Amino acid sequence: MEHFEFEFSGAQPVNPDHARPDREFSLAGVVGSGNLEVMIEPASIGGLCRAVIDTSVRGFDQTWRTVLADFFERQPLANVIVTINDGGATPAVVALRLDQASSAFIQQERLS
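The structure reproduced in this document is the subject of the present report. (Residues numbered from 1 in each chain as written. Predicted model: local features only at pLDDT ≥ 70, side-chain atom pairs only at ≥ 80, totals over all residues. Heavy atoms only, no water.)

**Side note on helix α1 (residues 61-74)**
Argument step 1. Spanning 14 residues, α1 covers 20 Å between terminal C-alpha atoms, matching the ideal 20 Å at 1.5 Å per step.
Argument step 2. Among the residues of α1, those classed as buried are W64, V67, L68, F71 and F72. Here the buried residues of α1 occupy an arc of 130 degrees about the axis, which is enough to place them on one side. (Helix = DSSP H or I, 4+ residues; strand = E, 2+ residues; numbered from the N terminus. Expected span 1.5 Å × (residues − 1). Buried < 20%, exposed > 50% of the residue type's maximum accessible area, 1.4 Å probe, protein only. Arc of directions from axis to C-beta.)

Here it is, written out as structure tokens:
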């Protein structure tokens, strides 16, 4: 098992109250053989985006950093923690689950 934590600069949040502690989290995927779960939750972390990854696959820290950097470049997120529990997903599946969780999270923000 490997554990990684990365921080990225946040974008302009969709909602300026992005860091409100009463905001809901979003969840996508299920940990299982070859899959993963992604949870995005609001946090007061100075406009940053933090990613916390637990994975059963060793030796892919640079791949994780690259996939996450691409994700945070594309998404209007700030003041969030992204928690990933990985069961061996490919980078394409990781990107898909990140996008699914982000879409649900941003939709919640727009509705509030």
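**Re the nonpolar core**
Argument step 1. I40, W64, L68, F72, L77, I84 and L98 are the most contacted members of the largest nonpolar core, which has 25 residues in total.
Argument step 2. Excluding anything up to four places from it in sequence, F72 contacts F8, C49, A51, L77, V80 and V82. (Core = buried A, V, L, I, M, F, W, Y, C linked by side-chain atoms within 4.5 Å. Contact = heavy atoms within 4.5 Å.)

**Some words on the sheet that holds strand β3 (residues 36-42)**
Strand pairs in the sheet, formed through backbone hydrogen bonds, run parallel or antiparallel to each other.
Argument step 1. The strand order across the open sheet formed by 5 strands is β1-β4-β5-β3-β2, and the pairing between neighbours is mixed. Two strands bound the open sheet, and with one partner strand each, they are β1 (2-9) and β2 (26-29). The mean inter-strand angle of the sheet, taken between neighbouring strand axes irrespective of direction, is 15 degrees.
Argument step 2. Sheet analysis places β1 next to strand β4 (residues 48-55), joined by 8 bridges and oriented antiparallel. For F6, the partnering residue across the bridge sits in β4 and is A51. (Pairing = 2+ DSSP bridges. Axes fitted to C-alpha atoms, helices over the stretch in contact; angles between N-to-C directions.)

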